[in-house]
Every structure is written in C-alpha cells, then in structure tokens.
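As a plain string of letters, each chain reads:
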Amino acid sequence: MRIRLLSITHKSPAWIQAGYEEYAKRLPPSCQLELIDIPAEKRTANADIKRITEREGEKMLALIKPQHHVIALDVKGKLWTTEQLAEQLAGWQQEGRHLDLLVGGPEGLAPACLQKAETRWSLSTLTFPHILVKLIVAEQIYRAWSILQQHPYHR
C-alpha cells in the first residue's frame, strides 16, 4: 500500500521535516508513506482567499490518482481513536487500494477537494497549524501500523 500525503504548505521548519521523515522511514515498503508538498499561494492583505483556496484545490486535484482512495483531513470529518485508525488502515490494506490524504492550507481544503474525498478524517476538534498536521499524520499512521503488527511502539 502506498499512502500519499498531499499538503498545501509553505516551507516546513527543519524539525517538522525531520519528524515526518523519521516516521515515514520506520514504515515498511508494504505501507509506504510519501509526502507531496504543494506550494501555498501567496496571501496578501487584500487577497481573494476564496480564489486562492480554489487554485490550491485545483493543484491538489490534479495530483490525485484516479484509483486511489481519497481522504480529506477536515475538522468536520470522523474522529477516530488510534485503534479505530488501525482498523481503517487494515481495511484499506485489504481493499488493495492506495490512499491520497489531503491536507489543506491555512483556510482548509477547497470545496472541490472535499467533494472528491470518499472519507473525511478529523484529527481533533482542536485546530492545528497545517504544517504540524503532516507530522501528526505520519506519527499516527506509524502508530496504527505498529498496532496491526503487534509492535510495542503503541503502549
């Protein structure tokens, strides 16, 4: 299974990148995690935020693979415990489909991206900086995988 994390972002701090890479490299090739950063549009005081979000969404939609299961990270999505995420991961592996996880920019995902998603996942009712979401998702995917493998990481 290949899990692609498509993220609208500005350049991530080194510690975010290092953290993401640490969890991604812990995963085996059978559960490969790949980060695809999509540069965020420039925002100014008078910027048309709706149009910027739409353009970012168009870039993201162009990268989605047609055969992939699309999951939007959205505050209105389903809240899963780590164990429930592990169950989801096991189900997606059984389906034999790859995943495209969509992370929006500062204003969230474009409506077209939300419509494209087969699943909506909420990490929390809290609001996280979008660059931090990459690290949280990588760690949670690794944690879910470790549960399925009965690895001691998740205690």
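On a predicted model such as this, the values are computed, not experimentally measured, just so you know.

A.B. asks: In this structure, what is going on with the sheet that holds strand β3 (residues 69–79)? I would like to understand it.
C.D. replies: Across a sheet, paired strands are connected by hydrogen bonds in the backbone, their directions being either parallel or antiparallel. In spatial order, the strands read β2-β1-β4-β3-β5; together these 5 strands make up an open sheet with parallel pairing. Looking at which strands have only one partner, the edges of the open sheet turn out to be β2 (32–39) and β5 (119–122). Direction aside, the axes of adjacent strands within the sheet are offset by 30° on average. As defined by bridge partners, strand β1 (residues 2–9) adjoins β2 across 8 bridges and the pair is classed as parallel. Bridge pairing in β2 links Arg 2 to Gln 32.

A.B. asks: How should the nonpolar core be read in this particular structure?
C.D. replies: Generally speaking, nonpolar side chains in soluble globular proteins are found buried as a group. One finds Ile 3, Leu 89, Trp 92, Leu 101, Trp 121 and Val 137 to be the most contacted residues of the largest nonpolar core, which totals 30 residues. For this core, the elements supplying multiple residues, two or more each, are β1, α1 (14–26), β2, β3, α3 (82–95), β4 (99–103) and α5 (130–148). A per-element tally of this core places α5 first, with 8 residues. Once you skip the residues sitting within four places of it in the chain, Trp 92 turns out to touch Met 1, His 69, Ile 71, Trp 80, Leu 85, Arg 97 and Leu 99.

A.B. asks: Please explain the side chain of His 68 as it appears in this structure.
C.D. replies: By the secondary structure assignment, His 68 is in the loop between α2 (49–63) and β3. A distance of 2.9 Å separates the side chain of His 68 from the side chain of Asp 100, its partner in a polar contact. Setting aside its immediate chain neighbours within four residues, His 68 contacts Arg 4, Arg 97, His 98, Leu 99, Asp 100 and Glu 118.

A.B. asks: Sorry, what's going on with the packing of α1 against α5 here?
C.D. replies: Each pair of packed helices can be summarised by the angle the axes make with each other and by the distance between the axes. At a minimum axis distance of 9 Å, the contact between α1 and α5 shows a crossing angle of 20°. For the element pair α1 / α5, the angle class is roughly parallel. Of the two possible hands of crossing, α1 and α5 adopt the one that is left-handed. Residues Trp 15, Ile 16, Gly 19, Tyr 20, Tyr 23 and Arg 26 of α1 lie in contact with α5, whose contacting residues are Ile 131, Leu 132, Lys 134, Leu 135, Ala 138, Glu 139, Tyr 142 and Trp 145. Across the contact of α1 with α5, the residue classes break down as 10 nonpolar, 1 polar and 3 charged.

A.B. asks: Quick question: what am I supposed to make of the pairing of β3 here?
C.D. replies: One face of the sheet, then the other: side chains in a regular strand alternate in exactly this way. Where β3 meets β4, 4 bridges bridge the pair, whose relative direction is parallel. What sits directly across from Ile 71, in β4, is Leu 101. Note that the unit made of β3, α3 and β4 has a crossover that is right-handed. In this sheet, β5 lies alongside β3 in parallel orientation, the contact comprising 5 bridges. Each residue of the ladder has a partner; that of Ala 72, found in β5, is Arg 120.

Conventions adopted
Residues numbered from 1 in each chain as written. Predicted model: local features only at pLDDT ≥ 70, side-chain atom pairs only at ≥ 80, totals over all residues. Heavy atoms only, no water. Pairing = 2+ DSSP bridges. Helix = DSSP H or I, 4+ residues; strand = E, 2+ residues; numbered from the N terminus. Axes fitted to C-alpha atoms, helices over the stretch in contact; angles between N-to-C directions. Core = buried A, V, L, I, M, F, W, Y, C linked by side-chain atoms within 4.5 Å. Buried < 20%, exposed > 50% of the residue type's maximum accessible area, 1.4 Å probe, protein only. Contact = heavy atoms within 4.5 Å. Polar contact = N/O pair within 3.5 Å; in protein donor to acceptor, adjacent residues only side chain to side chain. Parallel < 35°, antiparallel > 145°, perpendicular 65-115°, else oblique. Left-handed = near helix turned anticlockwise from the far one by under 90°. Nonpolar A, V, L, I, M, F, W, Y, C, P; charged D, E, K, R; others polar. Right-handed = clockwise from strand over helix to strand, strands pointing away.

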